Amino acid sequence: MCAQTEKAIELFEDNFPGTAVAAFGFDNAPGHQKRADDALSARHMPKFPKHWLGKNGKCKMRSGVLPNGEPQDLYFPEDHPDMPGFFKGMKKILEERGFTEEADLHSECPQFKCAEQMAGCCCRHILFNQPDFQAQKPALVELVESHGHIAFFYPKFHCELNFIEQCWGAAKYQYRILPLTLNEAQMEKNVRACLDGVDLIKMRR
């Protein structure tokens, strides 16, 4: 999805070079809410230092933001005498943020089902509620905004607000009034013809 969006951004900027800002609307689907591989996430963080490449093992997690606004590297430097390149762990991360007492709490409540939304009951929940973790955006939004454009998600289950659903509905209407197809090749031909039948004027309407 990000690769397709990148192409759409390139097309827009080729046609409107530096003269307009695009607004990209996406379905409110779980897949579209996926965060980048290096996104901040407290969900799978170990409590203590270890070799750890983020929640999916693909790359190091990006830096966080300390309460004073300075960046917080979540990994020890490569020249660290004892733990070169190690992930710091939740305890150390919390201590650097001023949560010295809370850093001694247990890693996580059973099944991460904490008693209250803003509870300070476990290390994971405290990090989960930190402003930089709460402000983490989906990868699609980060991609669009990195190019200076706007990204938004349609409300769930409101296809009447979704441009592509309107186009798809018009194409399906045309397809349903056609005679019954006899084979796959004829079906593909009819589908393509119905999609092409939703012209630019109809899209704008």
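Coordinates for the structure precede this section.
A short tour of the structure in this document, coming up.

Rules of the game
- Residues numbered from 1 in each chain as written.
- Predicted model: local features only at pLDDT ≥ 70, side-chain atom pairs only at ≥ 80, totals over all residues.
- Heavy atoms only, no water.
- Helix = DSSP H or I, 4+ residues; strand = E, 2+ residues; numbered from the N terminus.
- Expected span 1.5 Å × (residues − 1).
- Polar contact = N/O pair within 3.5 Å; in protein donor to acceptor, adjacent residues only side chain to side chain.
- Axes fitted to C-alpha atoms, helices over the stretch in contact; angles between N-to-C directions.
- Parallel < 35°, antiparallel > 145°, perpendicular 65-115°, else oblique.
- Left-handed = near helix turned anticlockwise from the far one by under 90°.
- Contact = heavy atoms within 4.5 Å.
- Nonpolar A, V, L, I, M, F, W, Y, C, P; charged D, E, K, R; others polar.
- Buried < 20%, exposed > 50% of the residue type's maximum accessible area, 1.4 Å probe, protein only.
- Pairing = 2+ DSSP bridges.
- Phe/Tyr/Trp six-rings, centres within 6.5 Å; stacked < 30°, edge-to-face > 60°.
- Lys NZ or Arg CZ within 6 Å of the ring centre and 35° of its normal.

Turning our attention to helix α6 (residues 163-176). In this model, α6 (14 residues) spans 20 Å end to end at C-alpha, consistent with the 20 Å of a helix rising 1.5 Å per residue. For α6, the N-terminal cap is N162; the gap from its side-chain oxygen to the backbone nitrogen of I164 is 3.1 Å.

Here we come to the packing of α6 against helix α7 (residues 184-196). Two numbers describe how α6 lies on α7: the axes approach to 8 Å, and their chain directions differ by 130°. On the basis of the axis angle, α6 is oblique to α7. As α6 packs across α7, the resulting crossing turns out to be right-handed. Contacts between α6 and α7 involve W168, A171, Q174 and Y175 from the former and M187, N190, V191, C194 and L195 from the latter. Taken together, the residues of the contact of α6 with α7 break down into seven nonpolar, two polar and no charged.

Attention now goes to the packing of helix α1 (residues 2-15) against helix α5 (residues 139-146). Following both chains from N to C, one finds α1 and α5 inclined at 20°, their axes separated by 10 Å at the closest point. When the interaxial angle is binned, α1 and α5 end up roughly parallel. The interaxial crossing formed by α1 with α5 has right-handed handedness. Only A139, L140, L143 and V144 of α5 make contact with α1, whose side of the interface consists of C2, T5, E6 and I9.

Alternating residues of strand β1 (residues 23-26) divide into F24 and F26, all buried, and A23 and G25, none buried. Direction of pairing for β1 relative to strand β4 (residues 150-153): parallel, over a ladder of four bridges. Paired with F24 across the two strands is A151, which belongs to β4.

With the rule as written, the count across this model stands at six aromatic pairs. Each ring, one from F12 and one from F16, has its centre 4.9 Å from the other, and the planes form 35°; the classification is tilted. By relative accessible area, which is 39% here, F16 ends up partly exposed. An aromatic cluster is defined as three or more aromatic residues linked by ring pairs; in this entry it consists of W52, Y75 and F87. In this structure, K60 packs its charged tip against the face of Y75, placed 4.9 Å from the ring centre.

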